[in-house]
Amino acid sequence: MSSQTSSHKPRVAVVFGGRSSEHQISVLTAGAVLRAIDRDKYDVLPIGITTDGRWALTADDPERMAITDRRLPSVAELAESAEGGVVLPVDPTNREVVYTEPGSVPKALGEVDVVFPVLHGPYGEDGTLQGLLELSGVPYVGSGVLASAVGQDKDYMKRVFTSFGLPVGPYEVIRPREWDNDPAAARKKIVDFAAEHGWPLFVKPARAGSSIGITKVDDLGGLDEAIEEARRHDPKILVEALLRGREIECGVLEFADGPRASVPAEIPPVSAHDFYDFDAKYIDSAAGIVPAPLSAEETAEVQELAVAAFEAASCEGLVRADFFLRDNGEFVINEINTLPGFTPISMYPRMWQESGVSYPELIDRLLQAALQRSTGLR
């Protein structure tokens, strides 16, 4: 870490965008984070990653990182150049960030003390960026390589939770080779699953988020189209049984004495949507109820399960844990999100706001924890 004196403000690189289907949601998150970072306490360097993987220098302009007329922003629109690239050296003795453009002399942008990655999905939230930062020796907000990878892959996430005794719902996995080599057998596997657990089913990418690529399938007739939609985002797909009940979310934040859970929230049924899909979340701004109308016993139970999920996956920093509260009173964990959205309507900051941690304080806590955490094995 570069030396810090009383006059030195830690330099935060906010990295956003990325190559996943959640690119635009990441830009929304970055806008909210940039707006909230205390500029008296931190210097900020916004770095956007385009959909083709170029690291671009972008304007520090949160107002341009918002939904306008139902249209979501992209890094390409924010980049200061169509060709210039930002380079982070893979060298733990050198944190000098360099900006290059074709035909021009590279320009040093100064050292970075900590990275705040607000990328969602593959190539950012899944351990890939975390591995690069570990090699570079740069501290960063959020979970490490293993927990990020587990948190992205819903197949292995559920396997980890099951091994720790956490309740998960019925699911089936179709791996790429299964579908490519024998789609009839893979389809039969899903039909047999439906015969056991009933229709409808949810077919989703195994390693995507923001409800992208998910289809609710009511019968055999819609199955192939749902599979192809999921496989557009990920060759490995997950099939889940419908769990009737209430959708409950809970935030986890790491404090000096360990992880703590926020007050939970409830996602009520969205009348205009068949389920809590992408449009319901981001375009039509479905409102969650914070705090969730739960009994004291139910609140304590879901908070305990959220922290247990955080610990089971070896998470760090922050997690949003999503549950179903079934009609029989049982909580079932659906998934965790190791880099949950920080948009103005996102549930994670709303839950912590209701728990007494304001949005700017939440950002500051995450940055301070990252600055104090070592890279490498820990």
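Residues numbered from 1 in each chain as written. Predicted model: local features only at pLDDT ≥ 70, side-chain atom pairs only at ≥ 80, totals over all residues. Heavy atoms only, no water.

1. Quick word on the overall build of the chain
- A count of helices and strands for the chain gives 12 helices and 16 strands.
- Here the C-alpha atoms of the chain give a radius of gyration of 21 Å, agreeing with the 21 Å that 2.2 N^0.38 yields for 378 residues.
- For the chain, the spread of C-alpha atoms along the three principal axes comes to 65 × 50 × 45 Å.
- With 378 residues in all, the chain has 55% of them scored as buried.
- Of the contacts made within the chain by residues no fewer than 6 positions apart, 66% connect residues no fewer than 24 positions apart. (Helix = DSSP H or I, 4+ residues; strand = E, 2+ residues; numbered from the N terminus. Rg over C-alpha atoms; globule rule 2.2 N^0.38 Å. Buried < 20%, exposed > 50% of the residue type's maximum accessible area, 1.4 Å probe, protein only. Contact = heavy atoms within 4.5 Å.)

2. A short note on the confidence of the model for the chain
- Scored by pLDDT, the chain has a mean of 90; 93% of the residues are at 70 or more.
- With pLDDT under 50 throughout, residues 1-6 is counted as low confidence; its partners more than four residues away or in other chains account for 12 contacts.
- Low pLDDT, under 50, characterises residues 280-285; the stretch is placed with 23 contacts to residues that sit more than four places away or in other chains. (pLDDT = per-residue confidence, 0-100.)

3. Digging into the sheet that holds strand β8 (residues 171-174)
- What the four strands build is an open sheet, ordered β8-β11-β9-β10; its pairing is antiparallel. Each of the sheet's edge strands pairs with one partner strand only, and the pair in question is β8 and β10 (215-217). This sheet shows a mean twist of 25° between the axes of neighbouring strands, independent of strand direction.
- Across four bridges, β8 lies against strand β11 (residues 237-241) in antiparallel orientation. Bridge pairing in β11 places Ile174 opposite Ile237.
- With respect to the sheet, helix α7 (residues 183-197) is in contact with β8, β9 (201-205) and β11, its orientation differing from that of β8 by roughly 175°. (Pairing = 2+ DSSP bridges. Axes fitted to C-alpha atoms, helices over the stretch in contact; angles between N-to-C directions.)

4. Considerations on the packing of aromatic side chains
- A full pass over the atoms with the stated rule returns five aromatic pairs.
- Centre to centre, the rings of Phe323 and Phe331 are 6.3 Å apart; their planes meet at 80°, and the pair counts as edge-to-face. The pair Phe323 / Phe331 is uniform in exposure class, with both members buried.
- An aromatic cluster is present here, built from Phe116, Phe342, Tyr348 and Tyr359 joined pairwise through their rings.
- Seen from the ring of Tyr156, Arg159 lies directly overhead, with NZ or CZ sitting 5.6 Å from the centre.
- Sitting over the face of the ring of Phe255, Arg260 holds its NZ or CZ atom 4.0 Å from the ring centroid. (Phe/Tyr/Trp six-rings, centres within 6.5 Å; stacked < 30°, edge-to-face > 60°. Lys NZ or Arg CZ within 6 Å of the ring centre and 35° of its normal.)

5. Some details on the packing of helix α4 (residues 145-152) against helix α5 (residues 154-163)
- Interaxial distance between α4 and α5 falls to 5 Å at its minimum, and their mutual angle equals 105°. Judged on the interaxial angle alone, α5 and α4 are roughly perpendicular. Every residue of α5 that contacts α4 at Val150, Gly151 and Gln152 is listed here: Lys154, Tyr156, Met157 and Val160.
- In terms of residue class, the contact of α4 with α5 is made up of four nonpolar, two polar and one charged. (Parallel < 35°, antiparallel > 145°, perpendicular 65-115°, else oblique. Nonpolar A, V, L, I, M, F, W, Y, C, P; charged D, E, K, R; others polar.)

6. Considering helix α11 (residues 347-354)
- If you check which residues of α11 are buried, you get Met347, Tyr348, Pro349, Met351 and Trp352.
- As for α11, its buried residues are in contact with β12 (245-255), β13 (258-261), β14 (265-267), β15 (318-326) and α12 (359-372).
- Two residues or fewer after α11 comes Gly356, characterised by a positive phi angle close to 100°.

7. As for the pairing of strand β6 (residues 107-111)
- By the bridge criterion, four bridges tie strand β5 (residues 96-100) to β6 in an arrangement that is antiparallel. Opposite Glu96, over in β6, you have Glu111 as the bridge partner.
- Taking the residues that link successive antiparallel strands as the turn, the β5-β6 hairpin has six residues, and the phi of Gly103 there is positive, at about 80°.

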